[in-house]
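# Per-entry structural report
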Amino acid sequence: MVRASEDDFLAYVLAPPTGETPEDKEKREQQEAEARRVSEAIDEQIRQEKVALKKKKKPVKVLLLGQSESGKSATLKNFQLQYARREWAEERASWRAVIQLNLIRNVIQVLDIVAREMSAVDADRRAGLSSDSDGEALREGPAYAFTDKHRLLKLRLGPLRTVKADLETKLGPGSREVLSTTTESATPFDSAEQLRRPSREFFINSSNGWKSALNRLRSNTSRLEAPTSPIRRRDAEGDEITDVIVGCKNDITSLWEDPIVQQVLIHRKAKIEDSPGFFLTDADRIASHDYEPTDHDIVRARLRTVGVQEHRFVLNEGLSAGREWLMFDVGGTRSSRATWSWYFDDVDAIIFLCPISCFDEHLREDRRINRLEDSYLLWRSVCSSRILSKTQIILFLNKCDLLHSKIKRGMRIRDHIPSFGDRKNDSITVMKYFQSHFKEISRQSSPEPRPFFVHFTSVIDTKATAATLSVVEESILRTHLRNADLL
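Residues numbered from 1 in each chain as written. Predicted model: local features only at pLDDT ≥ 70, side-chain atom pairs only at ≥ 80, totals over all residues. Heavy atoms only, no water.

## Observations concerning the environment of Val261
Looking at where Val261 falls in the secondary structure, it is placed in helix 13 (residues 259-267). The class of Val261 is buried, set by a relative accessible area of 0%. When sequence neighbours within four positions are dropped, the list of residues in contact with Val261 reads Val110, Val114, His150 and Leu255. (Helix = DSSP H or I, 4+ residues; strand = E, 2+ residues; numbered from the N terminus. Buried < 20%, exposed > 50% of the residue type's maximum accessible area, 1.4 Å probe, protein only. Contact = heavy atoms within 4.5 Å.)

Have a look at this one:
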């Protein structure tokens, strides 16, 4: 056998080994044939996957943006309720723990406010400062006639603090609200450096959001659901968390309905019934071993989004039935906004939520910033992004029900928004004023002219929101198909 020239490298590599026997040759050829077969099978699999990928419908991608507590997660839940009821039904039972946590938080918030007033009254009494020589009160505000009943309620409801800690541990970081800070960015992209550097704190498919919290609860429940499992029977008969809540039911109702407590809340301007996750008026129904969350309960439930949560739905209703939608629920706290721009690429539409009832409120994470002014800044930054110059942006002016309630209580818009001037202080006028302001910001900030899509919403109203979402779905789907060159 003539050895291949070493100058011909390929021939040299492929040449049979020197001194190869017929048996070695047959074995080598079999190995080479098997290697070719495996290689061809891999090539064929890759080819088939490419063909399948071309045939597969590209998912519709939607980004939900807005400040914290603007209603992004509630909008997502409404979407799931309307178009993906199978998954909605699978998650229903898991929301029970979230709603229990919301109720307990409501109770503790009221207790803390009342406790501060009781401490102030007691301190004044000990110091002999309840009145001066003329009998006039020296303390600011009314002198509340607290009784032993209030001290007993504080004591009897104390175990709920332990239950709150247990539920927060069970649900994860999304169950804990942010603390006040004054150091974070107010807009999604304040500097070029933020655009170049991805955040280390927030990740897609994060394990810290409400979706993941529900999955964790569901996995824990599934391990206990075997019909023959004695653990499941003990859990059903003696859920310690539910036992404590049920045991506190009468005291919870008594606390909320107490006239002195209501006086304190009014004096402190603590309208906790306007806040997300308010369930005190539903205590009788929720504090029960048989409680099952309703659709309305789930939409109202509050569990903070941490980071960026990815939600995939294969719609089984509507114009998009059978098509996959990919929705991103983006945490709205100031510390998370630097990451927004990383999810703008290839998105079909953005739903931007602004709670227009917050004209008199400040950010939880920075008490110096008015929430409505913060939404204006966010809206301007999103509209001015060149990355989004051709992206459909849909504005939801949310929480119109709370806006109407505040105006009905006598609140004047001009006291908080001086530019409102002497316009009529009614809901319709206020809503049109805010709409015109957002429209003008969009016109001035957009890199190129874009249509202005706006909807007035109250996303905890599932029926009204369903009608809005059907219009939004059609609009987004048409944009998606146009981008895919199918229209």
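## Notes on the state of the cysteines
Tallying each qualifying case throughout the model produces zero disulfides. Here Cys400 is not disulfide-linked; the sulfur of Cys354 is the nearest cysteine sulfur, at 9.7 Å. With a relative accessible area of 13%, Cys400 lands in the buried category. (Disulfide = S-S within 2.5 Å.)

## Digging into the packing of aromatic side chains
Scanning the entire structure with this criterion turns up nine aromatic pairs. On the numbers, 5.2 Å between centres and 85° between planes, the contact of Phe420 with Tyr433 is edge-to-face. Remark: Tyr433 occurs in helix 18 (residues 427-445) and Phe420 occurs in the loop between helix 17 (400-408) and helix 18; sequence separation between them is 13 residues. A single burial state applies to Phe420 and to Tyr433, both of which are buried. Three or more aromatic residues joined by ring pairs make a cluster, and in this case those are Phe352, Tyr376, Trp379, Phe438 and Phe452. The ring of Phe359 carries Lys406 above its face, with NZ or CZ at 5.5 Å from the centroid. (Phe/Tyr/Trp six-rings, centres within 6.5 Å; stacked < 30°, edge-to-face > 60°. Lys NZ or Arg CZ within 6 Å of the ring centre and 35° of its normal.)

## Examining a nonpolar patch on the surface
The grouping of Val38, Ile42 and Ile46 at the surface amounts to a nonpolar patch, some 230 Å² of accessible area in total. Mapped onto the elements of the fold, Ile42 is located in helix 2 (residues 22-55). Relative accessible area serves as the criterion here: at 44%, Ile42 is assigned to the partly exposed category. (Patch = residues over 30% accessible without salt bridge, like charges linked within 9 Å, V, L, I, M, F, W, Y side chains within 5 Å. Areas by Shrake-Rupley, 256 points an atom, 1.4 Å probe, with all protein chains shown as cover. Salt bridge = Lys/Arg side-chain N within 4 Å of Asp/Glu carboxyl O.)

## Digging into the pattern of salt bridges
This model, assessed by the stated rule, comprises 27 salt bridges. A salt bridge links Arg105 to Glu168; its shortest N-O distance comes to 3.0 Å. One end of the pair, Arg105, is in helix 5 (residues 95-127); the other, Glu168, is in helix 7 (residues 159-171), and 63 residues separate them in sequence. Like Arg105, the residue Glu168 is buried in the burial classification. Taking the shortest distance from any N to any O, the salt bridge between Lys406 and Glu361 comes out at 2.7 Å. Of this pair, Lys406 sits in helix 17 while Glu361 sits in the loop between strand 4 (349-355) and helix 16 (371-383), and the two are 45 residues apart along the sequence. Bridged by salt links that share partners, the residues Asp282, Arg285, Asp297 and Arg300 form one connected network.

## Concerning the sheet that holds strand 3 (residues 324-330)
Read across the open sheet, the six strands follow the order 2-3-1-4-5-6; overall the sheet is mixed. Both edges of this open sheet fall to strand 2 (308-314) and strand 6 (453-456), since each of them pairs with a single strand only. This sheet shows a mean twist of 20° between the axes of neighbouring strands, independent of strand direction. Looking at chain direction, strand 5 (residues 392-398) and strand 6 are connected through four bridges and run parallel. Looking at strand 6, one finds that Leu397 is bridged to Phe456. (Pairing = 2+ DSSP bridges. Axes fitted to C-alpha atoms, helices over the stretch in contact; angles between N-to-C directions.)

## What about unusual backbone geometry?
A positive phi angle, close to 65°, is found at Glu69, a residue other than glycine. Within the secondary structure, Glu69 is located in the loop between strand 1 (60-65) and helix 3 (72-83). For Lys269, which is not glycine, the phi torsion reads 55° and is therefore positive. Relative to the helices and strands, Lys269 is located in the loop between helix 13 and helix 14 (283-286). Note on Lys269: relative accessible area 72%, which makes it exposed.

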